[in-house]
Amino acid sequence: MQTQPTFLNLVLLSGEPCQKLQAARDAGFDQVEIWREDVEAHSGGAAALAAIAAQQGPGFTNLQVLRDFSGAPGELRAEKRDELRQFIQMAQALGCDTIQAPATTREDCCADQIDDDLRWMASEAARHNMRIMYEPMAWCSVDNTLPLAWQRLQRLDQPNIGLVVDLFHICARGGDASQLDGIPADRIYEVQLCDMAAIPAQDKQSLMAMAKHQRLLPGEGIIDVRRFVDKLKSAGYQGPVGIEVFNDALKRLPPGVAADKAWQALTRCWG
């Protein structure tokens, strides 16, 4: 079926971190996107989760999520740099080489320092052989679309910062698969598939409410998932592809049931 790694974002699943890993593995996923909160909730911490992954799988696509790093105002700038170092240490302990850091959502961000912050982030990550996934989220205060984020990464030209393609954030603002045009496949670090019942209202609260509670599995809503898949395959994309679905109803299911549903959806859309 898939030739590239498949992943499940653990946000879909209930239960303890070990239960989530087992559910993802049993469903068929190669990797998981793991949250710092999952690592901190595990009694053995990152080292114990790394041991489980090494023995049984799944591996780790990335550690998430480093929020509002770029353009942090005032004293927060130094705090965010310390937080990046903490993420790097945790990722190393997991045996993971990628950290997800979306564009800032702060209205008081210092827009004129974002490029410098991202260059510093890239340099610090490179010292530890780490990559950064830069994600344009629909409610970001800057770079809230894939074209805007790509323009910034082109300008910065940092080899270890790449894009996250998340279908929700593209389509929630009325975008479609044409936004992938002109982006080299190797500058996309991962693809997160999902769906939605309708385009949400464009205010921040509505966008966040749907994104964090009401996403659907791909193929169950209005997104033309197949067009995204066809474009990515035609471009030669070989990076991780998986499911990132925040859905309150699915999360109430036993983790194995929810993971199986996610795997079936991924197989239908990408296989």
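Cut-off values and rules
Residues numbered from 1 in each chain as written. Predicted model: local features only at pLDDT ≥ 70, side-chain atom pairs only at ≥ 80, totals over all residues. Heavy atoms only, no water. Helix = DSSP H or I, 4+ residues; strand = E, 2+ residues; numbered from the N terminus. Rg over C-alpha atoms; globule rule 2.2 N^0.38 Å. Buried < 20%, exposed > 50% of the residue type's maximum accessible area, 1.4 Å probe, protein only. Areas by Shrake-Rupley, 256 points an atom, 1.4 Å probe, with all protein chains shown as cover. Polar contact = N/O pair within 3.5 Å; in protein donor to acceptor, adjacent residues only side chain to side chain. 1 Å grid on protein atoms, 1.4 Å probe; cavity = no way out; pocket = protein on both sides within 12 Å on 5 of 7 lines; lining within 4 Å. Points joined across faces, edges and corners; volume = space filled by probe spheres on them. Nonpolar A, V, L, I, M, F, W, Y, C, P; charged D, E, K, R; others polar. Core = buried A, V, L, I, M, F, W, Y, C linked by side-chain atoms within 4.5 Å. Contact = heavy atoms within 4.5 Å. Axes fitted to C-alpha atoms, helices over the stretch in contact; angles between N-to-C directions. Parallel < 35°, antiparallel > 145°, perpendicular 65-115°, else oblique. Left-handed = near helix turned anticlockwise from the far one by under 90°.

## Notes on the overall build of the chain
Each helix and strand counted, the chain has eleven helices and eight strands in total. On C-alpha atoms alone, the chain measures out to a radius of gyration of 17 Å, which is about the 18 Å that the 2.2 N^0.38 rule sets for 271 residues. Counting all 271 residues of the chain, 58% fall into the buried class. Surface summary for the chain: the accessible area is close to 11000 Å², and the carbon and sulfur share equals 48%.

## Points about the environment of H169
Relative to the helices and strands, H169 is located in helix 7 (residues 167-171). Given the relative accessible area of 4%, H169 is considered buried. In sequence terms H169 and D143 are 26 residues apart; their C-alpha atoms lie 11 Å from each other. Side-chain polar atoms of H169 contact the backbone nitrogen of A138, separated by 3.0 Å.

## What about the layout of surface pockets?
The computed volume of the largest pocket comes to approximately 330 Å³. In this structure, the largest pocket is lined by 21 residues; those nearest its centre are V65, R67, M137, W139 and K212. Looking at which element gives the most residues to the lining of the largest pocket, the answer is helix 8 (residues 204-213), with four residues. Of the residues in the lining of the largest pocket, the class split is nine nonpolar, four polar and eight charged.

## Side note on the nonpolar core
Of all hydrophobic cores here, the largest spans 89 residues; its most connected members are L8, F60, L84, L94, I99, L193 and I243. With seven residues, helix 11 (residues 255-270) is the largest single contributor of residues to this core. Ignoring anything within four residues of it in the chain, the contact list for L8 reads L13, A24, F29, Q31, V32, E33, I243, A259 and A262.

## Focus: the packing of helix 3 (residues 45-56) against helix 4 (residues 76-94)
Across the interface, helix 3 lies against helix 4 with an axial gap of 7 Å and an inter-helix angle of 30°. By the angle class used here, helix 3 and helix 4 are roughly parallel. Each of A46, A47, L49 and A50 in helix 3 lies in contact with helix 4, whose residues at this interface are M90, A93 and L94. Partitioned by chemical class, the residues of the contact of helix 3 with helix 4 number seven nonpolar, no polar and no charged.

## Here we look at the packing of helix 1 (residues 17-27) against helix 11
Where helix 1 contacts helix 11, the axes come no closer than 8 Å and their chain directions differ by 40°. Classified by the interaxial angle, the pair formed by helix 1 and helix 11 is oblique. Crossing angle aside, the handedness with which helix 1 passes helix 11 is right-handed. Contacts from A23, A24 and A27 in helix 1 reach P255, G256, A259, D260 and W263 in helix 11. Taken together, the residues of the contact of helix 1 with helix 11 break down into six nonpolar, one polar and one charged.

## Things to note about the environment of V142
Along the chain, the position of V142 falls in the loop between strand 5 (131-134) and helix 6 (146-156). According to the relative accessible area criterion, V142 is buried, its value standing at 16%. Those residues within four positions of V142 in sequence are excluded, and the remaining contacts are A103, T104, C109, I114 and R152.

## Here we look at unusual backbone geometry
The step from G57 to P58 runs through a cis peptide bond, and the omega angle for that step is -5°. Tracing the chain through its elements places P58 in the loop between helix 3 and strand 3 (59-64). The residue after Q64, namely V65, is reached through a cis peptide bond having omega 0°. Residue position: V65 is located in the loop between strand 3 and helix 4. With a phi close to 50°, D143 is a non-glycine residue in the positive phi region. Among the structural elements, D143 can be located in the loop between strand 5 and helix 6.

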